[in-house]
Amino acid sequence: MSPRAAREIIAILRRTAKDQNVSTAMALKRRLLERCWALFNGTAHGHRRPDIPTRYPALVLNTNPYPFLILYENGGTLVYSVVYDGMGFSQQG
């Protein structure tokens, strides 16, 4: 996991604990880590999202039921970023 992705997860969890509650933040933490682990061990596979601008070629994995996306390199060995899935990404490719 990149340092950026780790910082983003920490910020998301802090904001969730503040805006909602600690229990929700802990459930979200478990879900994010489960999805990252599934990428690393090959049991989850994402897809391309041309509407999400990235500096590197990235695939996207959702974190249902939470509205976050995990951006990672093909092969699942590096998570680049974790973003909110409502950031108003351009619908242009």
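To keep things clear, this report deals only with the structure shown in the data block. Computed from a prediction, not measured in an experiment: that's the story for all the values here. (Residues numbered from 1 in each chain as written. Predicted model: local features only at pLDDT ≥ 70, side-chain atom pairs only at ≥ 80, totals over all residues. Heavy atoms only, no water.)

1. A look at helix H1 (residues 3-19)
Here H1 contains 17 residues, and its C-alpha end-to-end distance of 24 Å stays within 8% of the 24 Å for a straight helix at 1.5 Å per residue. For H1, the complete set of buried residues consists of Ala5, Glu8, Ile9, Ile12, Leu13 and Thr16. For H1, the arc enclosing every buried residue in end-on projection is 130°, short of the 170-degree limit, so these residues lie on one face. When the buried face of H1 is taken as reference, the exposed residues oriented beyond 90 degrees from it are Pro3, Arg7, Arg14 and Lys18. Packed against the buried residues of H1 are helix H2 (22-40), strand S2 (66-72) and strand S3 (79-84). (Helix = DSSP H or I, 4+ residues; strand = E, 2+ residues; numbered from the N terminus. Expected span 1.5 Å × (residues − 1). Buried < 20%, exposed > 50% of the residue type's maximum accessible area, 1.4 Å probe, protein only. Arc of directions from axis to C-beta. Contact = heavy atoms within 4.5 Å.)

2. Looking at the pattern of salt bridges
Pairing between side chains of opposite charge can happen when their charged atoms approach one another. In this structure the tally under the stated criterion is two salt bridges. For Arg4, the salt bridge goes to Glu8, with nearest N and O atoms at 2.9 Å. Linking Arg4 with Glu8, this pair stays in helix H1, spanning four residues, or about one helical turn. With relative accessibility at 18%, the residue Glu8 sits in the buried group. A salt bridge links Arg31 to Glu34; its shortest N-O distance comes to 3.6 Å. Of the two residues, Arg31 and Glu34 are both situated in helix H2; the distance of three residues between them amounts to about one turn of the helix. Relative accessible area serves as the criterion here: at 22%, Arg31 is assigned to the partly exposed category. For Glu34, a relative accessible area of 45% corresponds to the partly exposed category. (Salt bridge = Lys/Arg side-chain N within 4 Å of Asp/Glu carboxyl O.)

3. As for the pairing of strand S1 (residues 59-63)
Taken across its five residues, S1 has four buried, putting it largely inside the fold. Pairing between S1 and S2: five bridges, direction antiparallel. Bridge pairing in S2 places Asn62 opposite Leu69. Where S1 hands over to S2, the hairpin turn is made up of two residues, counted between the paired strands. (Pairing = 2+ DSSP bridges.)

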